[in-house]
Protein chains: 2
Amino acid sequence: MRLGRLNHIGVATPSIADSIRYYRDTMGAVRITEPFDLPEQGVKVCFVDTPDSTGEVGKGTQIELIEPYDESSPINNFLAKNPAGGQHHVCYEVEDIEQAREWFEGKSKRILGPTRIGAHGTPIFFLHPKDMMGQLTEIMETAPKDQGSGH
Amino acid sequence: MRLGRLNHIGVATPSIADSIRYYRDTMGAVRITEPFDLPEQGVKVCFVDTPDSTGEVGKGTQIELIEPYDESSPINNFLAKNPAGGQHHVCYEVEDIEQAREWFEGKSKRILGPTRIGAHGTPIFFLHPKDMMGQLTEIMETAPKDQGSGH
């Protein structure tokens, strides 16, 4: 397996509304997607678009803002320890999610649950931070429209 | 100020040598820079290059691996709390570091120390995580060779 694009970094927040104001007013973000619920993952989600090295906004690594969906959200523990929010996970793209799953299984890395559909609508899984040098790591299949075209 | 490129995410590690093996063998990184010392920041540093949306390695957001340089390193506390390492900071590019400093000062954000030369050889400063929604945030001036050219 070859290291893929850093699709996004996941940033936990107690309030997506506050985070949107922060990224817009303090950091100068010009494009932020509408928040939506992902109840099967226990989070509300939206994405802050960043520019890539050509300056094109939306081509760079995104910031995925995640807020707890309810009392059983898997990010409640993180926010209890980090009430202001903070960096929660990293997400790398792969071309084929099943091949990636076999790759990490072959290296005895603990995969957290089954492959499922993530916030971009493509299959994803998470790897245990203790097996990934302290980083909760998401692996996602590149969205078809992005594959190979650069768009 | 407009949100710039996410130049890198800083990942603290107890051992850059172990991290290089991890990124090469587990994550499939194909290009990792030679580690070097940055004693004035109290860290040893190297960069893992990632591809951008066109697949070109080195154009994507980098992973900056940082290991303590000595007993007084500013990342020793982080590693005491996170012995395996983990996500430590985010770094966004700006065109003009002095304008950016004034921008954040105008928003009453705490800047940690003077503007200094960072790991890419351009001026940088850090902002207090408590003022940045829980994220230690580095602001760096884009390297001249990168400005406007997309290279």
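Since we're looking at a predicted model, the values are computed, not measured.

Participant: Please set out helix α1 (residues 16-26) of chain A residue by residue, giving values where relevant.
Facilitator: Here α1(A) has its buried residues at A:Ile16, A:Ser19, A:Ile20, A:Tyr22, A:Tyr23 and A:Thr26. Where α1(A) is buried, its residues meet β1 (6-12), β3 (43-48) and β4 (62-68) of chain A together with β5 (86-94), α3 (97-106) and β8 (137-141) of chain B. Taken from the residues just after α1(A), A:Gly28 is the one with a positive phi, measuring 80 degrees.

Participant: Help me get a handle on the sheet that holds strand β7 (residues 123-127) of chain A, residues and values and all.
Facilitator: Residues and elements named next belong to chain A. What the eight strands build is an open sheet, ordered β2-β3-β4-β1-β5-β8-β7-β6; its pairing is mixed. The open sheet is flanked by β2 (36-38) and β6 (111-117), the only strands paired with a single partner. Pairs of neighbouring strands in the sheet enclose a mean axial angle of 25 degrees, with direction left out of account. Across five bridges, the pairing between β1 and β4 is parallel. Across the sheet, histidine 8 pairs through a bridge with glutamine 62, a residue of β4. Running at roughly 155 degrees to β4, α1 makes contact with β1, β3 and β4 of the sheet.

Participant: Lay out the relation of the copies chain A and chain B with the relevant residues and their values.
Facilitator: Take chain A, turn it by 180 degrees, move it 0.0 Å along the axis, and it overlays chain B with an RMSD of 0.0 Å. Here the symmetry operator amounts to a two-fold rotation axis.

Participant: Hey, could you go over the environment of A:Pro123 for me, with residue numbers and the actual values?
Facilitator: All names here are of chain A. On the secondary structure map, proline 123 appears in strand β7. On a C-alpha basis, the gap between proline 123 and valine 57 in space is 24 Å, while along the polypeptide they are 66 residues apart. Residues contacting proline 123, with those up to four places away along its chain left out, are Ile97, Thr115, Arg116, Ile117, Ile139, Met140 and Glu141.

Participant: Break down the interface of chain A and chain B for me, with residues and values.
Facilitator: Counting residues at the interface gives 50 residues for chain A and 50 residues for chain B. Applying the counting rule to chain A against chain B returns zero salt bridges. Inspection of the region where chain A meets chain B yields eleven residue pairs in polar contact (both at pLDDT 80 or more). If you list the elements that add at least two residues to the side of chain A that touches chain B, you get β1, α1, β5 (86-94), α3 (97-106) and β8 (137-141) of chain A.

Participant: Explain the sheet that holds strand β2 (residues 36-38) of chain B residue by residue, including any values.
Facilitator: Residue and element names in this part refer to chain B. Strand order in the open sheet made by the eight strands is β2-β3-β4-β1-β5-β8-β7-β6, with mixed pairing throughout. Where the open sheet ends on each side, the last strands, each with one partner, are β2 and β6 (111-117). Within the sheet, the average angular offset between the axes of one strand and its neighbour, ignoring direction, is 25 degrees. Where β5 lies against β8, five bridges are found, and the strand directions are parallel.

Participant: An account of the environment of B:His8 is needed here, citing residue identities and associated values.
Facilitator: Residues and elements named next belong to chain B. Within the secondary structure, histidine 8 is located in strand β1 (residues 6-12). Here histidine 8 falls in the buried class, since its relative accessible area comes to 1%. As for histidine 8 and isoleucine 32, which are separated by 24 residues in sequence, their C-alpha atoms are 13 Å apart. Sequence-distant contacts of histidine 8, that is, excluding residues within four places in its chain, are made with Phe47, Thr61, Gln62, Glu64, His89, Val90, Cys91, His120 and Glu138. Here the side chain of histidine 8 touches glutamate 64 through a polar contact of 3.2 Å, side chain to side chain.

Participant: Give me α3(A): which residues, what numbers.
Facilitator: Among the residues of α3(A), A:Ile97, A:Ala100, A:Arg101 and A:Phe104 are the ones counted as buried. One side of α3(A) carries all its buried residues, which in axial view fall inside an arc of 100 degrees. Residues A:Gln99, A:Glu102 and A:Gly106 are exposed on α3(A) and point more than 90 degrees away from its buried face. Against the buried residues of α3(A) lie β5, β6, β7 and β8 of chain A together with α1 (16-26) of chain B. The backbone nitrogen of A:Glu98 has a side-chain oxygen 2.9 Å away, supplied by the residue at the start of α3(A), namely A:Asp96.

Participant: Would you mind going over a negative patch on the surface in detail, with residue names and values included?
Facilitator: Residue and element names in this part refer to chain A. Taken together, Glu95, Asp96, Glu98 and Glu102 make up a surface patch of like negative charges. Within the element layout of this structure, aspartate 96 appears in the loop between β5 and α3. The exposure class assigned to aspartate 96 is partly exposed, which follows from its relative accessible area of 31%.

Participant: Can you explain the pattern of salt bridges? Please cite residues and give values.
Facilitator: Residue and element names in this part refer to chain A. Under the counting rule described, the total for this entry stands at 14 salt bridges over all chains. Ionic pairing is found between glutamate 105 and arginine 101, a salt bridge with its closest N-O pair at 3.7 Å. Of this pair, glutamate 105 and arginine 101 both sit in helix α3, four residues apart, which is roughly one turn of that helix. When its relative accessible area of 45% is taken as the criterion, glutamate 105 is described as partly exposed. Here arginine 101 falls in the buried class, since its relative accessible area comes to 15%.

Cut-offs and rules
- Residues numbered from 1 in each chain as written.
- Chains lettered and ligands numbered in written order.
- Predicted model: local features only at pLDDT ≥ 70, side-chain atom pairs only at ≥ 80, totals over all residues.
- Heavy atoms only, no water.
- Buried < 20%, exposed > 50% of the residue type's maximum accessible area, 1.4 Å probe, protein only.
- Helix = DSSP H or I, 4+ residues; strand = E, 2+ residues; numbered from the N terminus.
- Contact = heavy atoms within 4.5 Å.
- Pairing = 2+ DSSP bridges.
- Axes fitted to C-alpha atoms, helices over the stretch in contact; angles between N-to-C directions.
- Least-squares fit on C-alpha atoms with pLDDT ≥ 70 in both.
- Salt bridge = Lys/Arg side-chain N within 4 Å of Asp/Glu carboxyl O.
- Polar contact = N/O pair within 3.5 Å; in protein donor to acceptor, adjacent residues only side chain to side chain.
- Arc of directions from axis to C-beta.
- Patch = residues over 30% accessible without salt bridge, like charges linked within 9 Å, V, L, I, M, F, W, Y side chains within 5 Å.
- Areas by Shrake-Rupley, 256 points an atom, 1.4 Å probe, with all protein chains shown as cover.
- Lys, Arg positive; Asp, Glu negative; His and termini not counted.
- Charge placed at Lys NZ, Arg CZ, Asp CG, Glu CD.

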